[in-house]
Amino acid sequence: GYRVSLQGNFFGRNHTYVTFPEYNPRRHIKLDPPSNIQSNATASKCQIWWSVRNVPWYLVEILQYELQYKEYSMSWEVALNKTLPSSLPQVEIEATELRSGIAYAARVRCKVSENENSYHSQWSEWSQTTVFQRADVPKVSEKILTTKTMQFLFIPLSFGTLLYLFWNCKLSSSPIFLKCCFLTLGQKASLALTFPRQLLSFSHSIICTMGILR
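Residues numbered from 1 in each chain as written. Predicted model: local features only at pLDDT ≥ 70, side-chain atom pairs only at ≥ 80, totals over all residues. Heavy atoms only, no water.

- The chain carries the name IL9R protein in an unreviewed UniProt entry, which gives Rhipidura dahli as its organism.
- The UniProt entry for the chain carries the following comment under Subcellular location (unreviewed entry): "Membrane". (UniProt positions renumbered as here; feature names shortened; annotations may be inferred.)

What follows is the structure, given as structure tokens:
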């Protein structure tokens with residue numbers, strides 16, 4: 001250990017005061033605050049990570065972190081605090097702890113773990129803040145609506161596609177028009193029918209629409 005004393009001149013006389021007769025630096029550690037804090041929020045959770053600087057390698061693995069986060073518009077006095085169980089410089093916040101559509105601010109600080117007997121430290125200053133917001137979760141009604149819409153579209157689209165393929169093959173393989181004969185009042189009449197161009201154009205539009213929907 002070390003002996004720490006304080007010297008001063010009082011009333012024209014020099015005096016020496018022993019402040020710490022046995023001072024051990026490893027028992028009085030205060031680290032720099034974590035830096036480069038970042039976040040990434042999704043609909044299910046928010047990930048926050050950071051880095052530490054000017055920390056000896058033998059202390060990095062025994063560090064303890066405390067996370068503090070709050071709604072961005074609120075004061076830090078009402079923030080939530082979490083002491084992290086791991087020495088890893090990262091943490092996850094579940095989406096259930098966050099309100100949708102609300103921006104949050106978070107910061108972190110560090111010190112040597114209290115479980116260590118060889119070292120002792122106080123909390124560092126707080127780091128800079130990172131701002132994040134939980135991603136919105138699609139509404140159930142919107143999912144149902146999309147599913148029903150695709151179900152209703154599937155039948156006519158499939159039918160139109162089959163008609164298009166069938167008539168396209170018929171027209172390409174036969175050089176003459178399709179004919180249909182009708183018997184009316186004992187008289188024989190023949191009527192040549194061609195496949196409507198409107199239906200062919202409509203079926204082609206359906207094929208293009210299916211390609212877009214994919």
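1. Remarks on the overall build of the chain
Point 1. Broken down by element type, the chain carries 3 helices and 13 strands.
Point 2. Only carbon and sulfur atoms are counted for the fraction: they give 57% of the accessible area of the chain, which is about 16000 Å². (Helix = DSSP H or I, 4+ residues; strand = E, 2+ residues; numbered from the N terminus. Areas by Shrake-Rupley, 256 points an atom, 1.4 Å probe, with all protein chains shown as cover.)

2. Regarding the packing of aromatic side chains
Geometry of an aromatic ring pair is reported as the spacing of the ring centres plus the angle between the planes.
Point 1. Counting across every chain of the model gives 4 aromatic pairs.
Point 2. Note on Trp 50 and Tyr 65: the rings are 5.2 Å apart at their centroids and 65° apart in plane angle, and the pair reads as edge-to-face. Remark: Tyr 65 occurs in strand S6 (residues 63-71) and Trp 50 occurs in strand S5 (residues 45-51); sequence separation between them is 15 residues.
Point 3. In this structure Trp 50 comes out as buried when scored by relative accessible area, which is 5%. (Phe/Tyr/Trp six-rings, centres within 6.5 Å; stacked < 30°, edge-to-face > 60°. Buried < 20%, exposed > 50% of the residue type's maximum accessible area, 1.4 Å probe, protein only.)

3. Considerations on the nonpolar core
Point 1. With 24 residues, the main nonpolar core has Ile 48, Trp 50, Leu 67, Ile 93 and Phe 132 as its most contacted residues.
Point 2. At the level of secondary structure, the elements contributing two or more residues to this core comprise S5, S6, strand S8 (90-94) and strand S9 (103-112).
Point 3. Of all the elements, S9 adds the most residues to this core, at 5 residues.
Point 4. Apart from residues lying up to four places away in sequence, Ile 93 is in contact with Lys 45, Cys 46, Ile 48, Leu 67, Tyr 69, Leu 98 and Phe 132. (Core = buried A, V, L, I, M, F, W, Y, C linked by side-chain atoms within 4.5 Å. Contact = heavy atoms within 4.5 Å.)

4. Describing the sheet that holds strand S4 (residues 35-41)
Point 1. Strand order across the open sheet formed by 3 strands is S4-S5-S8, with antiparallel pairing between neighbours. Whereas interior strands pair on both sides, the edge strands pair on one side only; in this sheet they are S4 and S8. Across the sheet, the mean angle from the axis of one strand to that of its neighbour is 15°, orientation sign disregarded.
Point 2. Pairing geometry for S4 and S5, over 5 bridges, is antiparallel. Counterpart to Gln 38 in the pairing with S5 is Trp 49. (Pairing = 2+ DSSP bridges. Axes fitted to C-alpha atoms, helices over the stretch in contact; angles between N-to-C directions.)

5. Let's talk about the sheet that holds S6
Point 1. Read from one edge of the open sheet, 4 strands run S7-S6-S9-S11, paired in antiparallel fashion. Looking at the sheet topology across the chains shown, the edges are occupied by strand S7 (80-83) and strand S11 (130-133). Between one strand axis and the next, the sheet turns through 30° on average, direction left out of account.
Point 2. Judged from the 4 bridges that link them, S6 and S7 form a sheet pairing that is antiparallel. Bridging across to S7, Tyr 69 finds its partner in Leu 80.

6. Thoughts on the pairing of S8
Along any regular strand the residues' side chains alternate between the sheet's two faces.
Point 1. Burial along S8 is one-sided: Val 91 and Ile 93 are buried, and none of Gln 90, Glu 92 and Glu 94, which face the opposite way, are.
Point 2. With 5 bridges joining them, S5 and S8 adopt antiparallel strand pairing. Pairing of Cys 46 across the sheet is with Ile 93, part of S8.

7. Observations concerning the side chain of Arg 107
Point 1. With respect to the helices and strands, the residue Arg 107 is situated in strand S9.
Point 2. Buried and unpaired, Arg 107 has no salt bridge, with Glu 125 as the nearest side chain of opposite charge at 8.2 Å.
Point 3. Within polar-contact distance, the side chain of Arg 107 engages the side chain of Gln 68 at 2.8 Å. (Lys, Arg positive; Asp, Glu negative; His and termini not counted. Salt bridge = Lys/Arg side-chain N within 4 Å of Asp/Glu carboxyl O. Polar contact = N/O pair within 3.5 Å; in protein donor to acceptor, adjacent residues only side chain to side chain.)

8. Side note on the pattern of salt bridges
Point 1. Taken as a whole and assessed by the stated rule, the structure comprises 6 salt bridges.
Point 2. In this structure, Arg 109 engages Glu 66 in a salt bridge whose closest nitrogen and oxygen atoms are separated by 2.7 Å. Of this pair, Arg 109 sits in strand S9 while Glu 66 sits in strand S6, and the two are 43 residues apart along the sequence. Like Arg 109, the residue Glu 66 is buried in the burial classification.
Point 3. Salt-bridge contacts for Glu 97 lead to Lys 82; the nearest nitrogen and oxygen are separated by 2.9 Å. Taken together, the residues Glu 97 in the loop between S8 and S9 and Lys 82 in strand S7 connect sequence positions 15 residues apart.

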